Amino acid sequence: MSQIFKQSANAWSKASIFALVFTLLALGWAVMVLQRSDFVTSANQFIAQPVQFSHQHHVGGIGIDCRYCHTSVEVAASAGIPPTKTCINCHSQIWSDSPYLEPVRASFRNDTPLEWVRVHDLPDFVYFNHSIHVAKGVGCETCHGQVDKMPLMLQKASLQMEWCLECHRNPEQFVRPRSEVFTMGYQPASSQAEIGPALVKEYNIAGSSNLTNCSVCHR
Amino acid sequence: MRSSASIRRAALVLAAVAVLAGCRQDMHDTPRYEPFEASTFFADGRASRAYPIGTVARGQLRADDHLYTGRVNGEFAETFPFAVSHAEMARGQQRYNVYCAPCHGQIGDGNGMVVQRGLRQAATYHQDRLRGERIGYFYDVITNGFGAMQGYAEQVPVRDRWLIAAYIRALQLSQHAPLEAVRPGDRPRLDQTPEEQLAPPPTAATGH
């Protein structure tokens with residue numbers, strides 16, 4: 001009676017055991033990479049908006065402060081999306097016949113809101129408040145990136161929990177003086193390792209055991 | 001026998017995965033409004049609601065004319081409705097630089113960046129008419145606008161408007177200060193160019 005398996009099957013069976021382990025590992029790795037990819041987090045992707053508004057032009061070019069439009073960033077959870085009236089402050093005169101701005105004028109004429117598409121959309125089970133971050137020395141660009149270099153707005157950070165925790169575990173690596181919160185392209189005067197811990201102390205920023213408490217963000 | 005049990009088990013796992021996927025989506029986007037979200041419920045499509053016309057929220061009755069309109073007995077007020085501390089003046093400066101400097105410029109000469117980009121020439125605070133104007137007038141213009149300038153009532157809260165007005169007074173003083181107001185040691189710097197003035201004083205640079 002002949003053998004069912006050839007002798008080479010020995011090698012194949014050993015190889016397949018290894019292959020199984022590596023396939024599972026590779027699969028796990030692929031899932032992890034995919035989970036953090038821009039495809040899943042929707043970071044670094046331009047989103048079509050009703051008006052091609054350029055932060056690069058308004059912030060970088062003209063030097064308008066973030067708060068001119070995002071008026072509630074220091075006092076409320078939401079930074080605030082400006083009403084069309086804020087656009088009209090200048091665009092009643094500047095580029096007042098530009099076809100690009102017709103949606104803005106139509107919105108002002110008809111009292112209908114411009115329907116901007118939310119770029120930073122946190123899951124609803126996360127509590128986030130702009131005012132406390134601004135008050136404790138977290139710069140706009142720390143989360144939003146250098147918007148003065150963005151012709152169209154995009155999400156810079158992954159907005160995933162591990163990204164939030166990066167700072168909530170080590171706030172001293174990210175905080176800046178309150179006077180620099182709205183600065184774009186900020187560079188610490190001396191090294192961050194020096195001023196970071198001092199600012200954490202000065203601003204009474206809670207320790208990482210408090211900041212990483214589940215109910216700080218999931219409440 | 002055995003195969004049908006494993007098929008059932010696999011089906012159960014698949015169903016669980018499908019159900020869990022459903023959960024994830026719902027919890028990411030629960031049925032409540034986020035700020036500024038669109039609404040299918042309200043006729044105008046906005047989740048953010050305005051006060052019904054004619055209503056006053058508790059504690060928000062604007063009975064103090066001086067504070068809220070900048071007028072006393074119908075005339076522009078000549079005084080502030082509250083005492084302005086030095087720290088509040090600093091806030092006025094900061095608010096001025098955010099909301100006013102784009103057009104009026106950081107020194108109040110009306111040559112801000114937006115004017116340089118084509119907006120109609122903004123007023124300089126250093127003209128005689130505005131130097132002689134009452135403080136309530138500035139509050140009124142910030143609130144209601146003037147000429148090409150739109151009102152800033154939506155962007156700047158009442159108290160901040162007064163602090164900005166206070167800072168405008170400081171700007172006016174800065175451009176019309178008598179020589180005696182400058183400390184004798186600082187007077188030579190008045191002849192320097194702006195670049196020289198911005199450079200750190202030589203004593204600080206040598207560090208002695």
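Residues numbered from 1 in each chain as written. Chains lettered and ligands numbered in written order. Predicted model: local features only at pLDDT ≥ 70, side-chain atom pairs only at ≥ 80, totals over all residues. Heavy atoms only, no water.

## Describing the interface of chain A and chain B
Contacts between the two partners involve 28 residues from chain A, matched on the other side by 26 residues from chain B. Surface buried jointly by chain A and chain B totals about 2,600 Å² across both partners, of which 50% is contributed by carbon and sulfur atoms. The tally of links from chain A across to chain B stands at three salt bridges. Two residues, Arg95 of chain B and Glu74 of chain A, come together in a salt bridge whose shortest N-O distance is 2.7 Å. Where chain A meets chain B, there are 15 residue pairs in polar contact (both at pLDDT 80 or more). Among the elements that line the side of chain A that touches chain B, the one with the most residues is helix 5 (residues 84-91) of chain A, at five residues. Class assignment of the residues belonging to the side of chain A that touches chain B gives a composition of 10 nonpolar, 10 polar and eight charged. (Contact = heavy atoms within 4.5 Å. Buried area = accessible area lost by both parts, 1.4 Å probe. Salt bridge = Lys/Arg side-chain N within 4 Å of Asp/Glu carboxyl O. Polar contact = N/O pair within 3.5 Å; in protein donor to acceptor, adjacent residues only side chain to side chain. Helix = DSSP H or I, 4+ residues; strand = E, 2+ residues; numbered from the N terminus. Nonpolar A, V, L, I, M, F, W, Y, C, P; charged D, E, K, R; others polar.)

## What to know about the pattern of salt bridges
Summed over all chains, the structure comprises 18 salt bridges over all chains. Notably, a salt bridge pairs Glu141 of chain A with Arg176 of chain A, separated by 2.9 Å at the nearest N-O pair. Of this pair, Glu141 of chain A sits in helix 8 (residues 140-144) while Arg176 of chain A is found in the loop between helix 9 (161-169) and helix 10 (192-202), placing the two residues 35 residues apart along the sequence. The buried category is assigned to Glu141 of chain A, whose relative accessible area is 12%. The partner of Asp186 of chain B in a salt bridge is Arg183 of chain B, and the shortest N-O contact between them spans 3.0 Å. Relative accessible area serves as the criterion here: at 61%, Arg183 of chain B is assigned to the exposed category. (Buried < 20%, exposed > 50% of the residue type's maximum accessible area, 1.4 Å probe, protein only.)

## Comments concerning the domain arrangement of chain A
Split by domain assignment, chain A resolves into domain 1 (8-36) and domain 2 (55-81 + 116-217). Between the C-alpha centres of domain 1 of chain A and domain 2 of chain A there is a distance of 41 Å. (Domains from an automatic or database assignment.)

## Here's the deal with the side chain of His126 of chain B
Residues and elements named next belong to chain B. As for its position among the elements, His126 is in the loop between helix 5 (113-116) and helix 6 (128-131). Among the residues examined, His126 registers a relative accessible area of 14% and is labelled buried. A polar contact of 2.8 Å, which involves the side chain of His126, links it to the backbone oxygen of Ile107.

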